[in-house]
Amino acid sequence: MRALLCGEWLKLLRQPALLFWGFLSVPILSLLFKLLMEGLVFVRTGRHDDAPVDVLLSAAHGLGLSGNSMGHLLYGFGAASVLYSEYRFATWRLLVPRHGRSRLLLAKFGLCLTALAAGLIVAVFGDMLLNGMMAVLNGTGAAGLVLRVSSLPLLVTAFAIALLELGVLVALAFLLVILTRSLMGAVLPVFLLAIGSTLIQVYLGADSDGIALPAYGAQALRDWLFSVGPAHAGLAGLAILSGWFAGLAALALAVFARQQLSSE
Amino acid sequence: MVLAESETARQAPAQEAAIGLSAVGKTYGWGAAAVRALDGLTLSIPRGCVYGLLGPNGAGKSTLLRIIAGLVRPDRGEVSLFGEPAGPRNRRRIGMLIESPSFYPFLTAREHLEMFAWQAGTPGLVDPVLARVDLARAADKKVSGFSLGMKQRLGIGAALVGQPEAVILDEPTNGLDPDGILEMRALLSDLARREGITVLLSSHLLDEVERVCDRVAILRHGRLAAEGAVAELLDRQGRFWLKVDEPDRVLAALKGRGEAGEGGLFVRLEPAEVPDLIQTLAIAGIRIHEAKWVKPDLETVFLSQTREAAP
């Protein structure tokens, strides 16, 4: 499996556009957006927030980018492309006889999760760097930053929640690519689901919490983590996310295991 | 370079098939649009031989290869590899080039082979295989710039780099220049004769199959139309040519076993019957000007097997 994963990484590294837009652009763009916003505040007011910033807690909040609808479009594109390239280049015939289907799908899943985790790590360290820069600009220096060890579990949990939410997205994108053998057939529904979830939440408000969609499950978990939501809602959110993840991944594996690769 | 001969292959009993198919059937589509690609095909490919798979377009060759590769599931029947039911574990013992070679355009030839070699645990074979398929000079070029012939060579390299016990090559000489075809022919013979690797070769080049293969199977409408050693198949279709004074009289006496040819007649008979026929003609006072066995080439056999009426 390790060699298979190395092969998948080699393919991704040789497609820098896919690596950037599919896995790294969301954290980088969100950091740039944050920099722009903080910069505007700094330029307008001449100073930053006086309160010292807990860098770990700030990074944990920053990991909420996994719930961003536009982010889902780019992440969906990345995950779907990883699988779709085998249909596009008719290269299943090189891989399936060598490895068997479940191992291949698991390796591609592993690739996407590790690449997404790398993106989240970029987001974490980028957020820390940004806070450091703002502290320097603000003239507070190191005094403007706080490193609370008690915030580390929060950061780790926020990371796990973000990865689980993106894991659901990857599983959905994989299932759709397998069913439609198309890139657009996967990316558009993933994006529409993300946009739809946001719109439903806007229209229904708190009533939307009863709908078992992955985006709401992840949000309920984050609310619980940052102490703005009840624990039972957080648990329900975890159950929803895990259920979607397990269901979609199992369905993708089952469909791919029986798929006729008669023209690829 | 000599790829190490597999211990398993050498020690296995000669009778054990490298690839076996038992009553394999496959239909694509449903209802009126259903197309039966394979119809209860049973085939056994012995170890260490070069086996040719022939058939007109739509005969089921590609489906058969895809089923062996695990790309398509048969509706019924069993596929076995090296005496065990086919699965991912024993498919790894086979190198495959299925249909047209497909590769990642953004990787180089070396990167492709390295990737497959890591996965097979044979990283030391990358350079020797590149040299063997004559891609050493183009090894670090991206595949997007390769010609069809170069892709074909890389496909064969990819099939060999895992040190397989058997290789399945679908139209391996497609896109190769005449020199490349000769090299390929030598390579195929080498694989089987020197390294004991079983080769299953699908090709439309009958002359090539006749030169390279030990045994052939001819498919027609998803069924086996003919199978056997090449020499045996040619012998089976051999006819005896006679140029005599009174061909009509001889034809009448042969009662349907003969047919008129240009300036003589062809007779279907066993080699052991020839002396009796000559003697009978001599006793009957018929002068014989020419008598010889005429063996067909594989093309003639192929056409006779595939042009028969559909079942």
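About the thresholds
- Residues numbered from 1 in each chain as written.
- Chains lettered and ligands numbered in written order.
- Predicted model: local features only at pLDDT ≥ 70, side-chain atom pairs only at ≥ 80, totals over all residues.
- Heavy atoms only, no water.
- Salt bridge = Lys/Arg side-chain N within 4 Å of Asp/Glu carboxyl O.
- Helix = DSSP H or I, 4+ residues; strand = E, 2+ residues; numbered from the N terminus.
- Buried < 20%, exposed > 50% of the residue type's maximum accessible area, 1.4 Å probe, protein only.
- Phe/Tyr/Trp six-rings, centres within 6.5 Å; stacked < 30°, edge-to-face > 60°.
- Lys NZ or Arg CZ within 6 Å of the ring centre and 35° of its normal.
- Contact = heavy atoms within 4.5 Å.
- Buried area = accessible area lost by both parts, 1.4 Å probe.
- 1 Å grid on protein atoms, 1.4 Å probe; cavity = no way out; pocket = protein on both sides within 12 Å on 5 of 7 lines; lining within 4 Å.
- Points joined across faces, edges and corners; volume = space filled by probe spheres on them.
- Pairing = 2+ DSSP bridges.

A. Representation of the pattern of salt bridges in the model. Residues and elements named next belong to chain B. Inspection of every chain in the model, using the stated rule, returns 23 salt bridges over all chains. The shortest N-O distance in the salt bridge between K26 and D75 comes to 3.5 Å. In this pair, K26 sits in strand β1 (residues 17–28) while D75 sits in the loop between α2 (61–69) and β4 (76–81), placing the two residues 49 residues apart along the sequence. Where R223 meets D39, a salt bridge forms, and the shortest distance between an N and an O atom there is 2.8 Å.

B. Molecular detail of unusual backbone geometry. The backbone phi angle of R181 of chain A is positive, close to 50 degrees, even though this residue is not glycine. Relative to the assigned elements, R181 of chain A resides in the loop between α7 (152–180) and α8 (184–204). Looking at R181 of chain A, the relative accessible area reads 29%, which means it is partly exposed. Notably, E171 of chain B is not glycine yet its phi reads approximately 50 degrees, a positive angle. Looking at the element boundaries, E171 of chain B is found in the loop between β7 (166–170) and α7 (178–193). With relative accessibility at 14%, the residue E171 of chain B sits in the buried group.

C. The packing of aromatic side chains, seen in detail. Counting across every chain of the model gives 8 aromatic pairs over all chains. On the numbers, 5.8 Å between centres and 40 degrees between planes, the contact of Y104 of chain B with F106 of chain B is tilted. Grouping aromatic residues by their ring pairs yields a cluster made of Y87, W92 and F256 of chain A. If you follow R101 of chain A out to its NZ or CZ, it ends over the ring of F256 of chain A, 5.6 Å from the centre. Taking NZ or CZ as reference, R93 of chain B lies 4.2 Å from the ring centre of F82 of chain B, over its face.

D. Region of the structure containing the interface of chain B and chain A. Each partner contributes residues to the interface: chain B has 28 residues there, and chain A has 31 residues. Here chain B packs against chain A, burying approximately 2,700 Å² in sum over the two surfaces, 58% of which is carbon and sulfur. For the chain B face of the interface with chain A, the top three residues by lost area are L71, Y104 and F106 of chain B, together amounting to 24%. Here chain B and chain A share 1 salt bridge between them.

E. Spatial organisation of the layout of surface pockets. Taken as a whole, the largest pocket holds about 420 Å³ of empty space. Of all the secondary structure elements, the ones that give two or more residues to the lining of the largest pocket are α6 (101–138) of chain A together with α2, β4 and α3 (88–91) of chain B. For the lining of the largest pocket, the element with the most residues is β4 of chain B, which contributes 3 residues.

F. Quick peek at the sheet that holds β4 of chain B. Residue and element names in this part refer to chain B. With antiparallel pairing, the 4 strands of this open sheet are ordered in space as β2-β1-β4-β5. Both edges of this open sheet fall to β2 (35–46) and β5 (84–85), since each of them pairs with a single strand only. With 8 bridges connecting them, β1 and β2 associate as antiparallel partners. Along β2, the bridge assignment pairs I19 with I45.

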